[in-house]
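# Residue-level structural notes
What follows is each chain in one-letter form.
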Amino acid sequence: MIYADNAATTKMCPAAVDTMTRLLSEAWGNPSSLYGFGQKAKEVLEDAREKVAAVIGAGPREILFTSGGSEADNQAILSAAALGRQKGKMHIVSSAFEHHAVLHTLKKLEKEGFEVTLLDVHEDGLIRVPEVEEAIREDTCLVTIMYANNEIGTIQPIREIGAVCRKKNVLFHTDAVQAVGHISIDVDRDNIDMLSASGHKFHGPKGTGFLYARKGVLLTNLIEGGAQERGKRAGTENVPGIAAMAAALDEAVANMERNTAHQRAMRDRLIAGLRKIPHSALNGDETSRLPGNVNFCFEGIEGESLLLLLDDKGIAASSGSACTSGSLDPSHVLLAIGRVHDVAHGSLRLSIDEEITEEEVDYLISSITEVVEYLRSFSPIWRDLMAGKKEFIL
């Protein structure tokens with residue numbers, strides 16, 4: 001079986017598994033307790049906080065542990081909105097291809113009187129910095145732009161966007177769920193005020209994540225009921241999970257240079273092979289993209305059929321975000337970069353990790369080529385295209 005859906009979730013690395021397994025029996029105490037069992041758990045918790053903070057160039061007190069990226073996105077955006085409301089600033093700038101954890105939160109705020117500007121995304125899947133600057137108004141309280149897109153993998157000019165926000169004195173949040181652990185991030189260098197991350201995207205456990213909030217940014221509580229996480233997130237902390245996440249992130253960063261070099265080589269080999277399929281197209285910029293992301297559209301087929309047949313060949317892939325995998329609608333990300341509905345329906349996202357081999361990449365290429373040809377062989381849309389009744393788009 002070739003697992004090529006690491007953007008949806010990753011397999012826990014041995015360091016994370018070992019850490020979590022050990023601490024389930026060694027640090028099971030409540031870290032809020034004053035006696036020895038609790039204080040041991042507290043030490044583990046704070047050690048993990050220091051490790052996570054160091055990876056992104058933050059201070060330990062700027063890290064808030066969450067259940068994952070969606071919670072962190074929600075808390076960051078709602079906190080900025082609350083601060084904005086206090087100052088009479090009720091305008092937010094984002095993009096049309098954000099994760100739904102961001103877009104749905106923004107829709108909620110629109111119902112509460114906020115105005116949201118969603119920037120258009122260009123065909124290459126990149127946001128233009130001057131357009132961000134132009135969208136910022138006197139009443140803008142937040143700019144939230146994802147670090148790297150979860151479907152097409154394009155890496156945004158975060159440092160430059162952050163610099164614009166600093167100049168305009170506007171809070172800047174980035175959903176970095178797909179980026180943390182895979183590309184170098186420094187919150188000071190990148191001018192980031194708030195950042196969201198999720199453990200299971202870099203070989204940590206599910207149900208773990210963190211929110212970075214720059215010192216001085218006042219957070220609004222999503223969960224009330226206790227003084228945990230400096231009073232900003234009630235509930236007894238998942239100490240073994242958090243420590244496992246920190247161990248996974250440590251390992252990912254330590255091996256990042258070697259891993260990304262291999263992934264880029266395999267990614268480019270995969271792109272070159274899939275480009276040989278007629279009437280196919282890579283989605284998003286070829287170079288400014290995550291090292292393990294390949295996203296293609298194939299004209300004349302349906303993505304769901306492609307996934308099922310690839311599964312029969314021992315290949316696990318997706319047609320887009322795992323959060324919307326049950327939807328029959330075309331990807332909002334692909335529509336945002338200008339793909340028409342018929343083409344967007346025939347999409348395939350392959351997200352490879354550092355363990356993939358050349359032989360596996362070649363098997364992916366041959367299998368996808370074979371399945372696309374098979375599906376086109378009995379597709380009425382493909383017949384019309386070949387007969388000239390419809391014009392090819394790709």
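The preceding data block contains the structure.
First, a word on what this report is: a plain description of the structure on this page. All values reported here derive from a predicted model rather than from experimental measurement.

### Observations regarding the packing of helix α3 (residues 69-86) against helix α4 (residues 100-111)
- Between α3 and α4, the least distance of the axes is 9 Å, while the angle of their chain directions is 35 degrees. In this structure, the crossing between α3 and α4 has a hand that is right-handed. Between α3 and α4, the residues in contact are Ser70, Asp73, Asn74, Ile77, Leu78 and Ala81 and Ala101, Val102, Thr105, Leu106, Lys108 and Leu109, respectively.
- Among the residues forming the contact of α3 with α4, the class breakdown is seven nonpolar, three polar and two charged.

### Brief notes about the sheet that holds strand β6 (residues 171-175)
- With mixed pairing, seven strands are arranged side by side in an open sheet as β2-β8-β7-β6-β5-β3-β4. Edge strands, defined here as strands with exactly one partner in the open sheet, are β2 (63-66) and β4 (115-119). For this sheet, the mean angle separating the axes of adjacent strands, direction not counted, is 20 degrees.
- Docked against the sheet, helix α6 (residues 158-168) engages β5 (140-144) and β6, running at close to 155 degrees with respect to β6.

### Points about the pattern of salt bridges
- All chains considered together, the criterion is met by 21 salt bridges.
- Lysine 42 is paired through a salt bridge with glutamate 46; the nearest N and O atoms lie 3.7 Å apart. Of this pair, lysine 42 and glutamate 46 both sit in helix α2 (residues 36-56), four residues apart, which is roughly one turn of that helix.
- By relative accessible area, lysine 42 is classed as partly exposed at 33%.
- Residue lysine 313 is joined to glutamate 370 by a salt bridge in which the shortest nitrogen-to-oxygen separation is 3.0 Å. Residue lysine 313 is located in the loop between α10 (303-312) and β11 (315-316), and its partner glutamate 370 is located in helix α13 (residues 358-377); the two are separated by 57 residues in the primary sequence.
- Lysine 313 sits in the partly exposed class, given a relative accessible area of 26%.
- One network of salt bridges, in which partners are shared, links Lys42, Glu46, Arg49 and Glu229.

### Brief notes about the side chain of glutamine 156
- By the element assignment, glutamine 156 lies in the loop between β5 and α6.
- Residue glutamine 156 is classed as buried on the basis of its relative accessible area of 4%.
- From its side chain, glutamine 156 meets the backbone nitrogen of isoleucine 127 in a polar contact 2.7 Å long.

### A word on the layout of surface pockets
- In this structure, the largest pocket occupies an estimated 480 Å³ of space.
- Every residue lining the largest pocket is counted, 24 residues in all, and those nearest its centre are Lys11, His203, Asp353, Glu354 and Glu355.
- Listing elements by their share of the lining of the largest pocket, those giving two or more residues are β1 (2-3), α8 (239-254) and α9 (256-274).
- Broken down by element, the lining of the largest pocket gets its largest block of residues, four residues, from α9.
- Split by residue class, the lining of the largest pocket holds eleven nonpolar, seven polar and six charged.

### Points about the pairing of strand β3 (residues 91-95)
- β3 sits mainly inside the fold: five of its five residues count as buried.
- Residues of β3 alternate between two faces, with His91, Val93 and Ser95 on one and Ile92 and Ser94 on the opposite face, all of them buried.
- Both β3 and β4 contribute to a ladder of five bridges, which runs parallel. Among the inter-strand pairings, serine 95 is bridged to a residue of β4, identified as leucine 119.
- The β-α-β motif built from β3, the intervening α4 and the parallel element β4 has right-handed crossover chirality.
- Inspection of the sheet shows β3 paired to β5 by three bridges, in the parallel sense. Its bridge partner being in β5, histidine 91 is matched across the sheet by threonine 140.

Parameters at a glance
Residues numbered from 1 in each chain as written. Predicted model: local features only at pLDDT ≥ 70, side-chain atom pairs only at ≥ 80, totals over all residues. Heavy atoms only, no water. Axes fitted to C-alpha atoms, helices over the stretch in contact; angles between N-to-C directions. Helix = DSSP H or I, 4+ residues; strand = E, 2+ residues; numbered from the N terminus. Left-handed = near helix turned anticlockwise from the far one by under 90°. Contact = heavy atoms within 4.5 Å. Nonpolar A, V, L, I, M, F, W, Y, C, P; charged D, E, K, R; others polar. Pairing = 2+ DSSP bridges. Salt bridge = Lys/Arg side-chain N within 4 Å of Asp/Glu carboxyl O. Buried < 20%, exposed > 50% of the residue type's maximum accessible area, 1.4 Å probe, protein only. Polar contact = N/O pair within 3.5 Å; in protein donor to acceptor, adjacent residues only side chain to side chain. 1 Å grid on protein atoms, 1.4 Å probe; cavity = no way out; pocket = protein on both sides within 12 Å on 5 of 7 lines; lining within 4 Å. Points joined across faces, edges and corners; volume = space filled by probe spheres on them. Right-handed = clockwise from strand over helix to strand, strands pointing away.

Function cannot be read off these values alone, since they describe shape.
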